[in-house]
Amino acid sequence: MRVIVCASQKGGSGKTTLSGHIAVQAERQGAGPVAIIDTDPQGSLAEWWNSRTDDSPLFAKTSLDKLEQDLAALQAGGVRLAVIDTPPSVTAAIRQVMNLASLVVIPIRPSPHDLRAAAATVDLAETLDRSFVFVVNGATARARITADAAVTLSQHGTVAPVTLHHRTDFASSMIDGRTVMECDPRSRSAAEVVALWDYLASRLEKAAQRGLVFDGATPFGASRASRTFGRRLGTEARI
Ligand SMILES: Nc1ncnc2c1ncn2[C@@H]1O[C@H](COP(=O)(O)OP(=O)(O)OP(=O)(O)O)[C@@H](O)[C@H]1O
Ligand SMILES: [Mg+2]
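Below, the discussion takes up the site of ligand 1. Taken together, 18 residues lie around ligand 1, and Lys-15, Thr-16, Thr-17, Pro-88 and Ala-171 are the ones closest in. Contributions of two or more residues to the shell around ligand 1 are made by helix 1 (15-28), strand 6 (132-139) and helix 7 (168-172). When residues in the shell around ligand 1 are grouped by element, the largest group, three residues, is from helix 1. Residue composition of the shell around ligand 1, by class: four nonpolar, 11 polar and three charged.

Okay, here's the thing in structure tokens:
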């Protein structure tokens, strides 16, 4: 089973939006069964799922202390991808969740505040030796700041070659538990999510080649714990 963790210390960067859209698109592309997990006490992803009429992807109710055990049960039950949403923080709990990731997706809005806040999340992923990818979200088309943000981020890690632009349907589609692909599969928003999933699927494939799959018996928890949190993204960010 592959595990995607959407994480970012910055509130409102798009973790929940991406979690729902990635999970639905993965299922649509035949990468399922997909399970979504909400580790955020705000419960936004759970509420979104509760308002869905379609029962896939499935929702796995769990708690942090049982997460590993419940992932093992999902894996044993045939789930091929788990998508985990997290709260906007960098805590021991986030560390525990991130440690189970095949791939960490870090949504970032193209703003100086978001770029600076990314440092802590990046440091954590690197300390745990997790693969991570930035996804620029909520971008304004043709804005200089979007291109500049991608350039700045690329100095610190891989930036997904697909940007999600600011479009109201990303928000409105989730009101009744759907996604942009389900509201209008021909929309530009839907095309972005399709392209993003295609890219993430290829990254998951590479992660699997590195053995970063959750096999239940031996979660890949070993980490390089001795790394320091020395690098700071924000000080170099000029956008
Ligand atoms: N690309 C986008 N275009 C338009 N609105 C967006 C986009 N991405 C996210 N939003 C909206 O921005 C708000 C914040 O997004 P979301 O809840 O996904 O962020 P989050 O990182 O999960 O926030 P939190 O840190 O509070 O959990 C929501 O209202 C969402 O609908
Ligand atoms: Mg959220």
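Structure shown, so let's carry the discussion forward.
Turning our eyes to something else, we now look at the pairing of strand 6. For strand 6, the buried fraction is high: eight of the eight residues fall into the buried class. Here strand 5 (residues 103-108) runs beside strand 6; their pairing, made up of five bridges, is parallel. Across the sheet, the residue bridging to Val-105 is Val-133, located in strand 6. With helix 5 (residues 112-127) bridging strand 5 and its parallel neighbour strand 6, the resulting β-α-β unit is right-handed.

Moving on: the nonpolar core. Membership of the largest hydrophobic core comes to 68 residues, with the highest contact counts inside it found for Ile-4 and Ala-82. Setting aside its immediate chain neighbours within four residues, Ala-82 contacts Met-1, Val-3, Ala-35, Ile-37, Leu-71 and Leu-74.

Here we come to the packing of helix 1 against helix 9 (residues 188-209). In contact at an axis separation of 10 Å, helix 1 and helix 9 are set at 75° when each is read in the N-to-C sense. Classed by the angle they form, the pair helix 1 and helix 9 counts as roughly perpendicular. The segment helix 1 lies against helix 9, with His-21, Ile-22, Gln-25 and Ala-26 engaging Val-193, Val-194, Trp-197 and Leu-200. Along the lines of polarity and charge, the residues of the contact of helix 1 with helix 9 split into six nonpolar, two polar and no charged.

Once that is clear, we can look at the environment of Ala-147. Here Ala-147 shows up in helix 6 (residues 144-154). You can call Ala-147 partly exposed: it has 15 C-beta atoms within 10 Å. Distance in space between the C-alpha atoms of Ala-147 and Thr-62 is 39 Å, their sequence separation being 85 residues.

Let's shift gears to the confidence of the model for the protein chain. Across the protein chain, pLDDT averages 89, with 90% of residues at or above 70. The low-confidence segment residues 221-239 (pLDDT under 50) makes 32 contacts with residues lying over four places distant or belonging to another chain.

Below, the discussion takes up the environment of Val-133. In this structure, Val-133 sits in strand 6. Distance in space between the C-alpha atoms of Val-133 and Gly-211 is 18 Å, their sequence separation being 78 residues. If we ignore the near neighbours within four places in the chain, the residues touching Val-133 are Leu-103, Val-105, Ile-106, Thr-158, Ala-160 and Arg-203.

Now for helix 5. If you check helix 5, its first and last C-alpha atoms are 24 Å apart, about what 16 residues at 1.5 Å a residue would give, namely 22 Å. Along helix 5, the helix axis deviates most sharply at Ala-119, where the bend reaches about 30°. Buried residues of helix 5: Asp-114, Leu-115, Ala-117, Ala-118, Ala-119, Thr-121, Val-122, Leu-124 and Ala-125, and no others. Those residues of helix 5 hidden inside the fold are in contact with helix 4 (92-98), strand 5, strand 6 and helix 6.

Time to look at unusual backbone geometry. The linkage connecting Gly-32 with the following residue, Pro-33, adopts the cis geometry, with an omega of 5°. Mapping Pro-33 onto the fold places it in the loop between helix 1 and strand 2 (34-38). Each neighbour pair has its own omega, and for Ser-56 with Pro-57 the value is -5°, a cis peptide bond. On the secondary structure map, Pro-57 appears in the loop between helix 2 (44-50) and strand 3 (58-59). Phi at Arg-142 takes a positive value of approximately 60°, unusual for a residue other than glycine. Counting through the fold element by element, Arg-142 comes out in the loop between strand 6 and helix 6.

All right, on to helix 1 then. A rise of 1.5 Å per residue sets the reference length of helix 1, with its 14 residues, at 20 Å; its end C-alpha atoms lie 20 Å apart and thus fit the reference within 8%. Of all 14 residues in helix 1, 13 are buried; the element is thus mostly enclosed. Positive backbone phi, approximately 85°, marks Gly-30, located one or two places after helix 1.

Criteria and thresholds
Throughout this document, residue positions are counted from 1 along each chain, in the order its sequence is written. Chain letters and ligand numbers both follow the written order, the letters beginning at A and the numbers at 1. Totals for whole chains, interfaces and linings use every residue, but because this is a predicted model, local features are given only for residues with pLDDT of at least 70 and side-chain atom pairs only at 80 or more, for both listing and counting. We call a residue near a molecule or strand if the C-beta atom, set from the backbone, is within 6 Å of it. A run of H or I in DSSP counts as a helix once it spans at least four residues, and a run of E counts as a strand once it spans at least two, with each numbered from the N terminus. Just so you know the grouping, Ala, Val, Leu, Ile, Met, Phe, Trp, Tyr, Cys and Pro go in nonpolar, Asp, Glu, Lys and Arg go in charged, and all remaining residues, Gly too, go in polar. Think of it as a crowd count around each C-beta: if 20 or more other C-beta atoms lie within 10 Å the residue is buried, if 12 or fewer it is exposed, and in between it is partly exposed, with C-beta placed from the backbone throughout. What makes two strands pair is DSSP finding at least two bridges between them. A crossover gets the label right-handed when its path from the first strand over the helix to the second runs clockwise, viewed with the strands pointing away from the viewer. Here, a nonpolar core denotes buried Ala, Val, Leu, Ile, Met, Phe, Trp, Tyr and Cys residues that are linked to one another through C-beta atoms within 7 Å. By the convention adopted here, residues make contact when the C-beta atoms placed from their backbones lie within 7 Å. Helix axes are fitted only over the stretch in contact, all axes being lines through C-alpha atoms; the angle between N-to-C directions runs from 0 to 180 degrees. Here the word oblique covers every angle except those under 35 degrees (roughly parallel), over 145 (roughly antiparallel) and from 65 to 115 (roughly perpendicular). Per-residue confidence from the predictor is reported as pLDDT, a score between 0 and 100. What a helix is expected to span follows from its residue count: subtract one and scale by 1.5 Å. Given a residue, its bend is the angle between the two axes fitted to the seven residues that end at it and to the seven that start from it.

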